[in-house]
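Structural overview
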Amino acid sequence: MARPGPMTRAPAEAAAANGPLVAAEAVQKYFPLRRGLFARRAPGEYLRGVDGVSFAIPRGSSLGIAGESGCGKTTLARLLLRLITPTAGRILFEGVDLSTLDGPALLAFRRRAQLMVQNPYEAINPRFTMEQALAEPLVIHGIGTREDRLDRVIAALAQVNLRPADAFLDKYPHQLSGGQLQRVGLARALMVDPIFLAADEPVSMLDVSVRAGVLNLMKAIARARHLTTMYISHDLSLVRYVCETTMIMYLGTVAELGPTEAVLASPKHPYTQLLLAAAPVPDPGRPLPEITAPEQVPTPIGPGIGCPFQDRCPQVMPVCRTVPPPLVFVGPKHEAACHLYGPH
Ligand code: SF4
(Lines give C-alpha, C1' and ligand atoms only; values in the text may rest on other atoms or scores of the structure.)
Protein backbone atom coordinates (compact mmCIF):
# COMPACT_ATOMS: atom_id res chain seq x y z
CA MET A 1 0.00 0.00 0.00
CA ALA A 2 1.39 3.40 -1.00
CA ARG A 3 2.35 5.65 1.87
CA PRO A 4 0.81 9.13 1.74
CA GLY A 5 3.39 11.61 0.51
CA PRO A 6 3.51 15.33 1.19
CA MET A 7 1.13 16.07 -1.68
CA THR A 8 -1.57 13.78 -0.29
CA ARG A 9 -1.05 14.73 3.35
CA ALA A 10 -1.18 18.48 2.82
CA PRO A 11 -4.96 18.87 2.30
CA ALA A 12 -5.74 16.86 5.45
CA GLU A 13 -3.23 18.85 7.50
CA ALA A 14 -4.57 22.11 6.11
CA ALA A 15 -8.11 21.07 6.95
CA ALA A 16 -7.06 20.17 10.51
CA ALA A 17 -5.23 23.50 10.90
CA ASN A 18 -8.32 25.45 9.81
CA GLY A 19 -10.84 23.31 11.65
CA PRO A 20 -11.78 23.43 15.32
CA LEU A 21 -9.08 22.65 17.84
CA VAL A 22 -11.32 20.24 19.75
CA ALA A 23 -14.32 18.34 18.44
CA ALA A 24 -16.54 15.78 20.17
CA GLU A 25 -18.58 13.47 17.95
CA ALA A 26 -21.47 11.60 19.61
CA VAL A 27 -19.33 10.93 22.67
CA GLN A 28 -20.66 8.55 25.31
CA LYS A 29 -19.14 7.56 28.61
CA TYR A 30 -20.99 4.91 30.58
CA PHE A 31 -19.70 3.67 33.92
CA PRO A 32 -20.57 0.08 34.88
CA LEU A 33 -22.25 -0.34 38.25
CA ARG A 34 -21.61 -3.17 40.67
CA ARG A 35 -23.81 -4.38 43.49
CA GLY A 36 -21.69 -5.18 46.53
CA LEU A 37 -17.93 -5.64 46.66
CA PHE A 38 -17.73 -8.97 44.78
CA ALA A 39 -21.06 -9.07 42.98
CA ARG A 40 -21.01 -9.36 39.22
CA ARG A 41 -22.39 -6.55 37.13
CA ALA A 42 -25.83 -7.21 35.72
CA PRO A 43 -26.31 -6.36 32.02
CA GLY A 44 -27.64 -2.86 31.50
CA GLU A 45 -26.57 -1.58 34.91
CA TYR A 46 -24.54 1.49 34.18
CA LEU A 47 -24.37 5.15 34.92
CA ARG A 48 -24.66 7.45 31.90
CA GLY A 49 -21.94 10.03 32.63
CA VAL A 50 -21.93 11.52 29.12
CA ASP A 51 -24.57 10.43 26.63
CA GLY A 52 -24.11 11.28 22.95
CA VAL A 53 -22.51 14.72 23.14
CA SER A 54 -21.30 16.57 20.00
CA PHE A 55 -19.73 20.01 19.78
CA ALA A 56 -16.63 21.81 18.54
CA ILE A 57 -14.34 24.45 20.05
CA PRO A 58 -12.79 26.77 17.43
CA ARG A 59 -9.15 27.75 17.93
CA GLY A 60 -8.64 30.71 20.23
CA SER A 61 -12.23 30.68 21.50
CA SER A 62 -13.70 29.95 24.92
CA LEU A 63 -16.47 27.48 25.68
CA GLY A 64 -18.35 27.46 28.97
CA ILE A 65 -20.03 24.27 30.15
CA ALA A 66 -22.68 24.78 32.78
CA GLY A 67 -25.17 22.61 34.61
CA GLU A 68 -25.86 21.29 38.09
CA SER A 69 -23.78 18.67 39.91
CA GLY A 70 -23.82 15.28 38.20
CA CYS A 71 -24.68 16.62 34.73
CA GLY A 72 -21.45 15.25 33.24
CA LYS A 73 -19.37 18.43 33.00
CA THR A 74 -16.27 17.08 34.72
CA THR A 75 -16.53 13.67 33.03
CA LEU A 76 -16.58 15.49 29.69
CA ALA A 77 -13.47 17.48 30.59
CA ARG A 78 -11.65 14.29 31.57
CA LEU A 79 -12.64 12.74 28.23
CA LEU A 80 -11.38 15.75 26.26
CA LEU A 81 -8.03 15.50 28.05
CA ARG A 82 -7.91 11.72 27.53
CA LEU A 83 -7.73 11.06 31.24
CA ILE A 84 -10.50 8.55 30.52
CA THR A 85 -11.64 7.04 27.22
CA PRO A 86 -15.13 7.18 25.68
CA THR A 87 -17.46 4.20 25.64
CA ALA A 88 -18.48 5.29 22.13
CA GLY A 89 -17.94 8.24 19.81
CA ARG A 90 -14.77 10.14 18.95
CA ILE A 91 -12.83 13.09 20.33
CA LEU A 92 -10.65 14.93 17.84
CA PHE A 93 -7.80 17.24 18.80
CA GLU A 94 -6.34 19.13 15.84
CA GLY A 95 -8.24 16.66 13.68
CA VAL A 96 -6.63 13.57 15.27
CA ASP A 97 -8.71 10.96 17.09
CA LEU A 98 -7.40 10.93 20.68
CA SER A 99 -7.99 7.18 20.97
CA THR A 100 -5.26 6.57 18.36
CA LEU A 101 -2.54 8.33 20.39
CA ASP A 102 0.08 6.49 22.36
CA GLY A 103 3.78 6.79 23.23
CA PRO A 104 5.43 10.06 22.10
CA ALA A 105 2.24 11.29 20.36
CA LEU A 106 0.27 10.94 23.60
CA LEU A 107 3.03 12.71 25.55
CA ALA A 108 2.97 15.54 22.99
CA PHE A 109 -0.82 15.81 23.42
CA ARG A 110 -0.40 15.96 27.21
CA ARG A 111 1.86 18.97 26.71
CA ARG A 112 -0.61 20.75 24.42
CA ALA A 113 -3.73 20.21 26.53
CA GLN A 114 -3.70 21.11 30.23
CA LEU A 115 -6.19 21.00 33.10
CA MET A 116 -6.64 23.53 35.89
CA VAL A 117 -8.52 21.95 38.76
CA GLN A 118 -10.99 23.32 41.26
CA ASN A 119 -9.08 22.89 44.49
CA PRO A 120 -5.60 24.46 44.34
CA TYR A 121 -4.59 22.71 47.58
CA GLU A 122 -5.14 19.33 45.88
CA ALA A 123 -3.35 20.35 42.71
CA ILE A 124 -0.01 21.16 44.31
CA ASN A 125 2.02 18.59 46.25
CA PRO A 126 2.11 19.95 49.84
CA ARG A 127 5.76 18.86 50.18
CA PHE A 128 6.86 20.84 47.11
CA THR A 129 8.09 24.41 47.18
CA MET A 130 6.65 26.64 44.49
CA GLU A 131 9.86 26.27 42.50
CA GLN A 132 9.57 22.48 42.60
CA ALA A 133 5.86 22.51 41.81
CA LEU A 134 6.29 24.73 38.77
CA ALA A 135 9.44 23.03 37.50
CA GLU A 136 7.92 19.55 37.71
CA PRO A 137 6.00 19.69 34.35
CA LEU A 138 9.22 20.84 32.65
CA VAL A 139 11.13 17.92 34.16
CA ILE A 140 8.43 15.46 33.08
CA HIS A 141 8.58 16.73 29.49
CA GLY A 142 12.38 17.04 29.49
CA ILE A 143 12.36 20.78 28.87
CA GLY A 144 15.42 22.96 29.57
CA THR A 145 18.40 22.78 31.86
CA ARG A 146 18.07 23.41 35.58
CA GLU A 147 18.98 27.08 35.04
CA ASP A 148 16.50 27.39 32.16
CA ARG A 149 13.77 25.89 34.29
CA LEU A 150 14.44 28.32 37.14
CA ASP A 151 14.21 31.24 34.70
CA ARG A 152 10.91 29.89 33.37
CA VAL A 153 9.53 29.41 36.88
CA ILE A 154 10.38 33.01 37.82
CA ALA A 155 8.80 34.30 34.59
CA ALA A 156 5.69 32.19 35.20
CA LEU A 157 5.26 33.52 38.75
CA ALA A 158 5.59 37.08 37.46
CA GLN A 159 3.06 36.40 34.69
CA VAL A 160 0.39 35.41 37.23
CA ASN A 161 1.21 38.54 39.26
CA LEU A 162 3.00 36.80 42.13
CA ARG A 163 5.68 39.44 42.63
CA PRO A 164 8.46 39.65 43.52
CA ALA A 165 8.69 36.17 42.06
CA ASP A 166 11.89 35.36 43.99
CA ALA A 167 9.96 35.70 47.24
CA PHE A 168 7.64 32.82 46.29
CA LEU A 169 10.21 30.27 45.12
CA ASP A 170 10.81 28.67 48.53
CA LYS A 171 7.27 28.90 49.85
CA TYR A 172 5.13 25.82 50.45
CA PRO A 173 1.41 25.61 49.56
CA HIS A 174 0.27 26.18 53.16
CA GLN A 175 2.12 29.52 53.18
CA LEU A 176 -0.01 30.91 50.33
CA SER A 177 -3.60 32.13 50.29
CA GLY A 178 -6.19 30.29 48.17
CA GLY A 179 -6.07 33.02 45.52
CA GLN A 180 -2.27 32.97 45.37
CA LEU A 181 -2.23 29.18 45.13
CA GLN A 182 -4.80 29.16 42.33
CA ARG A 183 -2.53 31.56 40.45
CA VAL A 184 0.27 29.03 40.94
CA GLY A 185 -2.11 26.36 39.60
CA LEU A 186 -2.65 28.50 36.51
CA ALA A 187 1.08 29.09 36.11
CA ARG A 188 1.74 25.36 36.46
CA ALA A 189 -0.81 24.54 33.73
CA LEU A 190 0.90 27.06 31.43
CA MET A 191 4.50 25.94 32.10
CA VAL A 192 4.62 23.63 29.05
CA ASP A 193 3.01 26.16 26.66
CA PRO A 194 -0.30 24.39 26.03
CA ILE A 195 -2.69 25.50 23.29
CA PHE A 196 -5.77 24.18 25.12
CA LEU A 197 -6.66 24.86 28.76
CA ALA A 198 -9.62 23.26 30.52
CA ALA A 199 -10.51 24.91 33.84
CA ASP A 200 -12.81 22.95 36.13
CA GLU A 201 -14.61 25.35 38.51
CA PRO A 202 -11.42 27.46 38.67
CA VAL A 203 -12.62 30.01 41.23
CA SER A 204 -15.45 28.28 43.08
CA MET A 205 -13.29 27.59 46.15
CA LEU A 206 -11.90 31.12 46.36
CA ASP A 207 -13.22 34.06 48.35
CA VAL A 208 -15.56 36.23 46.33
CA SER A 209 -13.14 39.14 46.79
CA VAL A 210 -10.36 37.43 44.81
CA ARG A 211 -12.41 35.61 42.15
CA ALA A 212 -12.56 38.53 39.71
CA GLY A 213 -8.78 38.99 39.92
CA VAL A 214 -8.10 35.36 38.99
CA LEU A 215 -10.71 35.38 36.19
CA ASN A 216 -9.37 38.63 34.72
CA LEU A 217 -5.89 37.16 34.79
CA MET A 218 -7.05 34.00 33.02
CA LYS A 219 -8.85 36.04 30.36
CA ALA A 220 -5.83 38.26 29.74
CA ILE A 221 -3.41 35.33 29.50
CA ALA A 222 -5.73 33.39 27.19
CA ARG A 223 -6.02 36.41 24.89
CA ALA A 224 -2.27 37.10 24.90
CA ARG A 225 -1.39 33.47 24.14
CA HIS A 226 -4.32 32.83 21.76
CA LEU A 227 -5.27 29.92 24.01
CA THR A 228 -8.36 27.84 23.38
CA THR A 229 -10.15 27.54 26.70
CA MET A 230 -12.97 25.58 28.27
CA TYR A 231 -14.50 26.64 31.57
CA ILE A 232 -16.62 24.24 33.58
CA SER A 233 -18.85 25.96 36.09
CA HIS A 234 -22.20 25.86 37.81
CA ASP A 235 -21.99 29.66 37.97
CA LEU A 236 -23.69 31.24 34.96
CA SER A 237 -22.30 34.68 35.79
CA LEU A 238 -18.76 33.30 35.39
CA VAL A 239 -19.67 31.73 32.07
CA ARG A 240 -21.24 34.99 30.90
CA TYR A 241 -18.10 36.89 31.90
CA VAL A 242 -15.45 34.74 30.24
CA CYS A 243 -16.99 32.55 27.52
CA GLU A 244 -18.00 33.28 23.94
CA THR A 245 -20.02 30.08 23.62
CA THR A 246 -22.08 28.34 26.28
CA MET A 247 -23.20 24.73 26.51
CA ILE A 248 -25.83 23.75 29.07
CA MET A 249 -25.68 20.08 30.08
CA TYR A 250 -28.34 17.98 31.75
CA LEU A 251 -27.86 14.34 32.78
CA GLY A 252 -24.94 13.82 30.42
CA THR A 253 -26.64 15.39 27.40
CA VAL A 254 -26.50 18.81 25.71
CA ALA A 255 -29.66 20.74 26.54
CA GLU A 256 -28.68 24.00 24.84
CA LEU A 257 -25.65 25.30 22.95
CA GLY A 258 -24.89 28.63 21.32
CA PRO A 259 -23.37 32.11 21.63
CA THR A 260 -23.29 33.01 25.31
CA GLU A 261 -25.38 36.14 24.96
CA ALA A 262 -28.07 34.28 23.00
CA VAL A 263 -28.21 31.34 25.43
CA LEU A 264 -28.26 33.44 28.60
CA ALA A 265 -30.29 36.43 27.37
CA SER A 266 -32.83 34.38 25.43
CA PRO A 267 -32.77 30.81 26.79
CA LYS A 268 -34.93 28.36 24.84
CA HIS A 269 -34.63 25.10 26.76
CA PRO A 270 -36.86 24.90 29.87
CA TYR A 271 -33.86 23.69 31.88
CA THR A 272 -31.76 26.72 30.93
CA GLN A 273 -34.71 28.94 31.82
CA LEU A 274 -34.91 27.21 35.19
CA LEU A 275 -31.17 27.65 35.83
CA LEU A 276 -31.35 31.35 35.00
CA ALA A 277 -34.47 31.88 37.09
CA ALA A 278 -32.71 30.29 40.06
CA ALA A 279 -29.48 32.29 39.65
CA PRO A 280 -29.09 34.89 42.39
CA VAL A 281 -29.52 38.52 41.32
CA PRO A 282 -28.29 41.33 43.62
CA ASP A 283 -31.65 43.10 43.63
CA PRO A 284 -33.75 42.81 46.83
CA GLY A 285 -36.79 44.20 44.95
CA ARG A 286 -36.73 41.44 42.33
CA PRO A 287 -39.57 38.93 42.81
CA LEU A 288 -38.77 35.26 43.34
CA PRO A 289 -38.73 33.13 40.18
CA GLU A 290 -42.05 31.86 38.88
CA ILE A 291 -40.50 28.83 37.19
CA THR A 292 -40.04 25.97 39.62
CA ALA A 293 -39.34 22.27 39.33
CA PRO A 294 -39.14 19.26 41.65
CA GLU A 295 -35.90 19.33 43.61
CA GLN A 296 -34.92 15.71 43.08
CA VAL A 297 -32.54 15.03 40.20
CA PRO A 298 -33.54 12.05 38.01
CA THR A 299 -31.05 9.22 38.09
CA PRO A 300 -28.55 8.77 35.25
CA ILE A 301 -28.57 5.01 35.95
CA GLY A 302 -30.06 2.62 33.42
CA PRO A 303 -31.39 3.27 29.91
CA GLY A 304 -32.86 6.73 29.48
CA ILE A 305 -36.13 6.91 27.53
CA GLY A 306 -37.43 10.17 26.13
CA CYS A 307 -36.25 13.60 27.26
CA PRO A 308 -33.87 13.49 30.25
CA PHE A 309 -35.61 16.57 31.71
CA GLN A 310 -39.17 15.20 31.49
CA ASP A 311 -39.71 14.62 35.23
CA ARG A 312 -38.85 18.22 36.10
CA CYS A 313 -40.09 20.07 33.05
CA PRO A 314 -43.08 22.40 33.55
CA GLN A 315 -43.90 22.10 29.83
CA VAL A 316 -43.64 18.32 29.42
CA MET A 317 -45.71 16.76 26.61
CA PRO A 318 -46.60 13.11 25.87
CA VAL A 319 -43.92 12.87 23.18
CA CYS A 320 -41.28 13.85 25.74
CA ARG A 321 -41.91 10.55 27.59
CA THR A 322 -40.89 8.36 24.66
CA VAL A 323 -38.77 10.25 22.13
CA PRO A 324 -35.40 11.84 22.99
CA PRO A 325 -35.36 15.40 21.59
CA PRO A 326 -32.59 16.10 19.06
CA LEU A 327 -30.67 19.37 19.00
CA VAL A 328 -32.42 21.77 16.59
CA PHE A 329 -31.54 25.31 15.60
CA VAL A 330 -33.52 27.93 17.49
CA GLY A 331 -31.45 30.91 16.30
CA PRO A 332 -28.15 31.71 14.56
CA LYS A 333 -25.63 29.08 15.80
CA HIS A 334 -28.04 28.51 18.70
CA GLU A 335 -29.40 24.99 19.33
CA ALA A 336 -31.70 23.44 21.91
CA ALA A 337 -32.72 19.82 22.50
CA CYS A 338 -36.42 20.22 23.17
CA HIS A 339 -39.60 19.06 21.43
CA LEU A 340 -41.07 22.54 21.82
CA TYR A 341 -38.93 23.51 18.81
CA GLY A 342 -38.88 20.26 16.86
CA PRO A 343 -41.30 18.71 14.37
CA HIS A 344 -43.41 17.04 17.10
FE1 SF4 B 1 -39.60 19.72 28.50
FE2 SF4 B 1 -40.36 18.06 26.57
FE3 SF4 B 1 -38.65 20.04 26.02
FE4 SF4 B 1 -37.88 17.94 27.49
S5 SF4 B 1 -38.50 17.91 25.34
S6 SF4 B 1 -37.47 20.07 27.92
S7 SF4 B 1 -39.73 17.50 28.66
S8 SF4 B 1 -40.79 20.25 26.67
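Parameters and conventions
Residues numbered from 1 in each chain as written. Predicted model: local features only at pLDDT ≥ 70, side-chain atom pairs only at ≥ 80, totals over all residues. Heavy atoms only, no water. Salt bridge = Lys/Arg side-chain N within 4 Å of Asp/Glu carboxyl O. Helix = DSSP H or I, 4+ residues; strand = E, 2+ residues; numbered from the N terminus. Buried < 20%, exposed > 50% of the residue type's maximum accessible area, 1.4 Å probe, protein only. Axes fitted to C-alpha atoms, helices over the stretch in contact; angles between N-to-C directions. Parallel < 35°, antiparallel > 145°, perpendicular 65-115°, else oblique. Left-handed = near helix turned anticlockwise from the far one by under 90°. Contact = heavy atoms within 4.5 Å. Nonpolar A, V, L, I, M, F, W, Y, C, P; charged D, E, K, R; others polar. Near = heavy atom within 4 Å. Phe/Tyr/Trp six-rings, centres within 6.5 Å; stacked < 30°, edge-to-face > 60°. Lys NZ or Arg CZ within 6 Å of the ring centre and 35° of its normal. Core = buried A, V, L, I, M, F, W, Y, C linked by side-chain atoms within 4.5 Å.

- Looking at an unreviewed UniProt entry, one finds the protein named ATP-binding cassette domain-containing protein, with Candidatus Segetimicrobium genomatis as its source organism.

**Examining the pattern of salt bridges**
- Within this structure, the stated rule accounts for 10 salt bridges.
- With its nearest N and O atoms 4.0 Å apart, the salt bridge here joins Arg152 to Asp193. Taken as a pair, Arg152 in helix H6 (residues 146-159) and Asp193 in the loop between helix H7 (178-190) and strand S7 (196-200) lie far apart in primary sequence, 41 residues in all.
- A salt bridge links Arg225 to Asp193, with the shortest nitrogen-to-oxygen separation between them at 3.5 Å. Of the two residues, Arg225 sits in helix H8 (residues 208-225) while Asp193 sits in the loop between H7 and S7, which places them 32 residues apart along the sequence.
- For Arg225, a relative accessible area of 30% translates into the label partly exposed.
- With relative accessibility at 41%, the residue Asp193 sits in the partly exposed group.
- In the salt-bridge network here, residues are joined through shared partners; they are Arg59, Glu94 and Arg112.

**Remarks on the packing of helix H5 (residues 130-140) against H6**
- Their axes nearest at 9 Å, the elements H5 and H6 cross at an angle of 120°. Accordingly, the angle class assigned to the pair H5 and H6 is oblique. Between H5 and H6 lies a crossing of right-handed hand. On H6, the residues touching Glu131, Leu134, Ala135, Leu138 and Val139 of H5 are Arg149, Leu150, Arg152, Val153 and Leu157.
- Of the residues that constitute the contact of H5 with H6, the class distribution is 7 nonpolar, no polar and 3 charged.

**Observations concerning the site of the ligand**
- Residues in close proximity to the ligand total 13 residues, the closest being Cys307, Cys313, Cys320, Cys338 and His339.
- Of the residues belonging to the shell around the ligand, the class tally is 9 nonpolar, 4 polar and no charged.

**So, the packing of aromatic side chains**
- The final tally for this structure, using the stated rule, is 6 aromatic pairs.
- For the pair Tyr30 and Tyr46, a centre-to-centre distance of 4.7 Å together with 10° between the ring planes defines the contact as stacked. Here Tyr30, found in strand S1 (residues 22-32), pairs with Tyr46, found in strand S2 (residues 46-57); they are 16 residues apart in sequence, far enough to count as distant.
- Taken together, the ring pairs in this structure connect Phe93, Phe109 and Phe196 into an aromatic cluster.
- Between Lys219 and the ring centre of Tyr241, over which it is positioned, the NZ or CZ distance is 4.3 Å.

**Let's talk about the nonpolar core**
- The biggest cluster of nonpolar side chains holds 58 residues, and the ones touching the most others in it are Leu157, Val184, Leu186, Met218, Ile248 and Tyr271.
- By size, the runner-up hydrophobic cluster in this structure holds 32 residues, among which are Leu21, Val22, Leu80 and Leu106.

**Description of the environment of Pro173**
- With respect to the helices and strands, the residue Pro173 is situated in the loop between H6 and H7.
- Separated by 47 residues in the primary sequence, Pro173 and Pro126 place their C-alpha atoms 5.7 Å from one another.

**Some points on unusual backbone geometry**
- Residues Arg163 and Pro164 are joined by a peptide bond in cis, for which omega reads -5°.
- One non-glycine residue, Glu94, lies in positive phi territory at about 50°.
- Along the chain, the position of Glu94 falls in the loop between strand S4 (88-93) and strand S5 (96-97).
- On the basis of relative accessibility, which here comes to 22%, the residue Glu94 falls in the partly exposed class.
- The backbone of Leu251 shows a phi angle near 45°, a positive value even though the residue is not glycine.
- Looking at the element boundaries, Leu251 is found in the loop between strand S9 (245-250) and strand S10 (253-259).
- Look at Leu251 and you get buried, because its relative accessible area is 6%.

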